[in-house]
Amino acid sequence: MAAVPGGGRPYVLLSCATSIDGYLDDATEQRLLLSNADDLDRVDAVRAGCDAILVGAGTVRRDDPRLVVRAERLRRARVARGLPPSPLKVTLTERGDLDRTARFFTVGDADRIVYCASPAVPKTTELLDGVATVVDAGDPVDPAWMLADLAGRGVDRLMVEGGASVHGQFLAAGVADELHLVVAPFFVGDPRAPRFGGDGPFPWHPGRRARVVEARQIGDVVLVRYALSPRCPDA
């Protein structure tokens, strides 16, 4: 892993939807729909305002996301600003067990970067030859180093869409500036299912409370925006 000059990092926005009891999904093979059409349009607009979108390798395997801007008007607006139609796609992996035919790699024209733990770099580089840039991010993968590397690649605003372990890593490392938390109007109640945040030494606690900058009903879900650092502007 090479040194990264400067040490700056992008503005980091975490985005997720949970059940009332904090679950990101259920324990079935079918993906649980936590959002609604209007909120998905909002997420699309947030994506369009970012330079890169990041998900963990587990999300790439499980959900097979496209991670592209869906609305044609938003893609056109990005192009008019001299940007590609969709943001850079980013994932991180410890083992490098990714499928090069996943939609992360095959849908859209955005560049793709895979931050990989050092031991798996040779295997991953060979596996993803021609479809992604593989970057040695240390062992284990260091979120702070990765963010500095993204800043060096011109990423000023990063959207992190999950999954649970990735959100937990960014929160525990104290490198998140803003959280968009959407709450669906039902419970999951299954300890086998993934839960937002998980366990960790998070910087926000009863003695250091996150600041609410917006709370808004969107159909049958509620969006709460939290400021997690002084970099986050008020609503």
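First, a word on scope: everything that follows refers to the structure included in this document. In this text the structure is predicted, and so the values were computed from the model without any measurement.

## Some points on the packing of aromatic side chains
No. 1: Inspection of every chain in the model, using the stated rule, returns two aromatic pairs.
No. 2: A cation sits over an aromatic face here: Lys89 above Phe104, 5.8 Å from the ring centre.

## Observations regarding the nonpolar core
No. 1: Among the nonpolar cores identified, the biggest contains 31 residues, and Leu14, Leu54, Tyr115, Leu150, Leu158, Val160 and Phe170 are the most heavily contacted of them.
No. 2: Looking at this core, the elements that each hand over two or more residues are strand S1 (11-18), strand S2 (52-56), strand S3 (88-93), strand S4 (112-116), helix H6 (143-152), strand S6 (157-160), helix H7 (164-172) and strand S7 (178-183).
No. 3: With four residues, H6 is the single largest residue contributor to this core.
No. 4: Listed in part, the 17 residues of the second largest apolar core include Ala102, Phe104, Phe105 and Ala132.

## Comments concerning H7
No. 1: Where H7 is concerned, the buried positions are Val166, His167, Gly168, Phe170 and Leu171.
No. 2: In this structure, the buried side of H7 is in contact with S1, S2, S3, H6 and S6.
No. 3: Just downstream of H7 lies Gly174, where phi reads positive at about 70°.

## Quick notes on the sheet that holds S1
No. 1: Strand order in the open sheet made by the nine strands is S5-S4-S3-S2-S6-S1-S7-S9-S8, with mixed pairing throughout. Edge positions in the sheet fall to strand S5 (133-136) and strand S8 (211-218), since each has one partner strand and no second. For this sheet the average axis-to-axis angle between neighbouring strands, irrespective of direction, equals 20°.
No. 2: In the sheet, S2 pairs with S6 via three bridges, with the strands oriented parallel. Paired with Ala52 across the two strands is Leu158, which belongs to S6.

## Topic: helix H1 (residues 37-48)
No. 1: Compared with an ideal rise of 1.5 Å per residue, which puts 12 residues at 16 Å, H1 spans 17 Å between its outermost C-alpha atoms and is within 8% of the ideal.
No. 2: Among the residues of H1, those classed as buried are Asp39, Arg42, Val43, Asp44, Val46, Arg47 and Ala48.
No. 3: Two or three places before Asp38, at the opening of H1, Asn36 has a side-chain oxygen 3.3 Å from that residue's backbone nitrogen.

What counts as what
Residues numbered from 1 in each chain as written. Predicted model: local features only at pLDDT ≥ 70, side-chain atom pairs only at ≥ 80, totals over all residues. Heavy atoms only, no water. Phe/Tyr/Trp six-rings, centres within 6.5 Å; stacked < 30°, edge-to-face > 60°. Lys NZ or Arg CZ within 6 Å of the ring centre and 35° of its normal. Core = buried A, V, L, I, M, F, W, Y, C linked by side-chain atoms within 4.5 Å. Buried < 20%, exposed > 50% of the residue type's maximum accessible area, 1.4 Å probe, protein only. Helix = DSSP H or I, 4+ residues; strand = E, 2+ residues; numbered from the N terminus. Contact = heavy atoms within 4.5 Å. Pairing = 2+ DSSP bridges. Axes fitted to C-alpha atoms, helices over the stretch in contact; angles between N-to-C directions. Expected span 1.5 Å × (residues − 1). Polar contact = N/O pair within 3.5 Å; in protein donor to acceptor, adjacent residues only side chain to side chain.

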